[in-house]
Amino acid sequence: MDDIQLQEAIERYLTGDMSVEERTQFEAIRKATPEIDQMVIEHAMFLREMDIYVNRKNFSKLNKQVFNQLLDAGTWAPEAAESTSSRVIQLWTKYKKVTAIAASVGGFIALFTSAMMLFFFPSINGNQILELSKAVEKIERNQKVQGHLLNEVKTKVPENAKLVSGGSGFLIDTKGFVITNAHVLKGEGAIVVNSLGQEFKATIVYSDKNSDLALLKIEDEDYKQAKALPFTIRKKSSDLGEDIFTLGFPRNDNDIVYGKGYLSAQTGFNGDSNTYQIQISANPGYSGAPVFNEKNELIGIMSSRQKLAEGVAFAIKSDKLFDLVETLEENELTKDLNVKLNKQKVKGSKNRKAQINNFKNYIYSVRAFN
Amino acid sequence: MKAELNEQALLKGLAQNDSKAVETLYKSHFSMIQHFVTNNNGSFDDARDIFQEAMITLYEKVQLEHFTLSCQIKTYLFSICKNLWLKRLQQMGKYSAPLSSQEETISVEEDLDQFEKKDAALAIMDRALNSLGEPCKSLLEGYYLNKKGMQELASQFGYTNADNAKNQKYKCLMRLKKLFFAQYNIGE
């Protein structure tokens, strides 16, 4: 019996598709051969997982469909609910005076406690930094507007799917590998859109919440493999004060936006050595955008900004991309992808306008959907 | 008594993927969750996300052979949502005071643990399927997900007959299993 026949027999045995005679025969073989017994157990486990998977997938689809139908029918009004923020403002104006007095007393205690908090729980930072992915409603609205303007262009977002988040991304390998932030990919699938507004289907190959990096692969027949990357991916760390710039899609009209700044610290939020602190005006939607220096080198990936300090943003260091590729190579599932990072120096122009012109075709707007 | 019968019928419908049952559950209970989430630092979309997750938890619970629900559907869904929302607020570092609500709740930690465990296995399956490539991915999805017959799949994928398609399916299946078990810990 070859492998395929054996697989078939095991599956038919487990799904109850065997005749009584065949079944007794198979059970005898199973008893006599521990390897086959092991394979049956393993396959039973696999089929059980597959069953759960299939049920969950099908139900999730129904679940979302019903919700969207009811939503479209106007069953609920998203805005109707009392907003917490307006209540807070009301409270604030009402008790302003009292708070001011209390604040001066409380200030000292608060400073002390927050210092203690930082000391003991350096990872609690939810309120102080902001991810730069775009808010959902904004994209949805924009999608509608675009729908009116460009009726003839069909979107590649599957029917019944809803856009849930968005950000920026860029090619690291011309075979179609695009890097973005893991927090940009809140949905199940994604498409990428280039600076000309062309959409491409993409699959999520890898996503790691710890490093906040994710890898997409463009899988679309419309995608034409680009020429060699016009930038190098820098492995060494960059110098303080270095001039940097970024290109991303923070706006909803899909226009690429240029931003300029400098590297302000070797470490990121709370001394995080995986990121740089940079001085740049960062808007939501810049998440996943590349950060370049003057020498046509990619030095980082935009990821978050500090909530209270204007212009302070954090970029994941580019050497983390080398770690990512190493992880891919070590993993059974992804080792065949053969992602290559460009380490060759690119001589190109150092004129900023020429650089932007060269780079912009390698930068994408990323949209995740459910 | 009548209300109880209705709830049983509803759960039965849910177990059978009946869209009417799903619709009824949304119509009767989503507003409550929307109200709860939006009054506790969340948006409409947050409410949608956690309610959909709660629906899946309930769905997977009613799939179980010896399934019992020891409370009203409303209480169950609310308890799940409250738990999920609390967790999400903590993840965002927003949580401070106890959440405001007057609804009664029951303990649902066990169900949520189950859900999370399943979630992990499902993510592995998803990644394995997605890294298979074509035609394997669509062939296996056609067979297992969309329950198509071998004859239909053969003509869809251009195989000369059902036997060829079957051979291809088993080849793909063996690759999928290899990928799946490379990450799935047996007897975790």
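Each value, and the rule that gives it
Residues numbered from 1 in each chain as written. Chains lettered and ligands numbered in written order. Predicted model: local features only at pLDDT ≥ 70, side-chain atom pairs only at ≥ 80, totals over all residues. Helix = DSSP H or I, 4+ residues; strand = E, 2+ residues; numbered from the N terminus. Contact = placed C-beta atoms within 7 Å. Pairing = 2+ DSSP bridges. Axes fitted to C-alpha atoms, helices over the stretch in contact; angles between N-to-C directions. Expected span 1.5 Å × (residues − 1). Buried ≥ 20, exposed ≤ 12 C-beta atoms within 10 Å, placed from the backbone. Nonpolar A, V, L, I, M, F, W, Y, C, P; charged D, E, K, R; others polar. Parallel < 35°, antiparallel > 145°, perpendicular 65-115°, else oblique.

### So, the overall build of chain B
Within chain B, the secondary structure is distributed over eight helices and zero strands. Each helix and strand of chain B, placed in order from N terminus to C terminus, yields the pattern α-α-α-α-α-α-α-α. Partitioning the intrachain contacts of chain B with sequence separation of at least 6 by distance along the chain shows that 59% fall at a separation of at least 24.

### Brief notes about the environment of Ala368(A)
Along the chain, the position of Ala368(A) falls in strand β14 (residues 363-369). Setting aside anything within four residues of it in sequence, one finds Ala368(A) in contact with Val164(A), Ser165(A), Gly166(A), Val184(A), Leu185(A), Lys186(A), Gly187(A) and Ala190(A).

### So, the sheet that holds strand β2 (residues 163-173) of chain A
Strand pairing in a sheet is mediated by backbone hydrogen bonds. Such pairs are either parallel or antiparallel. All names here are of chain A. Pairing is antiparallel around the closed barrel formed by six strands, whose spatial order is β2-β3-β6-β5-β4-β14. Geometrically, the sheet is characterised by an average inter-axis angle of 40° between neighbouring strands, direction not taken into account. Where strand β4 (residues 189-193) and β14 come together, five bridges link them in antiparallel fashion. Note on β14: the bridge partner recorded for valine 193 is serine 365. With respect to the sheet, helix α6 (residues 319-330) is in contact with β2, β3 (177-181), β5 (199-208) and β6 (213-218), its orientation differing from that of β6 by roughly 65°.

### Things to note about the environment of Lys156(A)
All names here are of chain A. With respect to the helices and strands, the residue lysine 156 is situated in the loop between α5 (136-149) and β2. Placed 46 residues apart in sequence, lysine 156 and alanine 202 show a C-alpha to C-alpha distance of 10.0 Å. In this view, lysine 156 contacts Ile191, Glu199 and Lys201; residues no more than four positions away in its chain are not counted.

### Here we look at helix α4 (residues 73-91) of chain B
Residues and elements named next belong to chain B. Taking 1.5 Å of rise per residue, 19 residues should cover 27 Å, and α4 covers 27 Å from first to last C-alpha, within 8% of that figure. All buried positions along α4 are accounted for by Tyr76, Leu77, Phe78, Ser79, Ile80, Cys81, Lys82, Leu84 and Trp85. Its buried side turned inward, α4 meets α2 (19-38), α3 (44-62) and α5 (109-130).

### Some words on the pairing of strand β8 (residues 243-248) of chain A
Residue and element names in this part refer to chain A. Where β8 lies against strand β9 (residues 257-265), six bridges are found, and the strand directions are antiparallel. Note on β9: the bridge partner recorded for leucine 247 is tyrosine 258. Examined bridge by bridge, β8 and strand β11 (residues 290-293) share three bridges and lie antiparallel to one another. By the bridge assignment for β11, threonine 246 is matched with valine 291.

### Regarding the interface of chain A and chain B
Counting residues at the interface gives 37 residues for chain A, matched by 43 residues for chain B. Those elements giving two or more residues to the side of chain A that touches chain B turn out to be α1 (3-14) and α3 (34-72) of chain A. Top element by residues in the side of chain A that touches chain B is α3(A). It accounts for 18 residues. Partitioned by chemical class, the residues of the side of chain A that touches chain B number 17 nonpolar, 12 polar and eight charged.

### Some thoughts on the packing of α3(A) against α5(B)
Look at α3(A) against α5(B): their axes get within 10 Å of each other, and the N-to-C directions meet at 95°. It follows that α3(A) is roughly perpendicular to α5(B) by the angle criterion. The segment α3(A) lies against α5(B), with Glu49(A), Met50(A), Ile52(A), Tyr53(A) and Arg56(A) engaging Lys118(B), Ala121(B), Leu122(B) and Met125(B). Split by residue class, the contact of α3(A) with α5(B) holds six nonpolar, no polar and three charged.

Coordinates in, geometry out; function isn't part of it.
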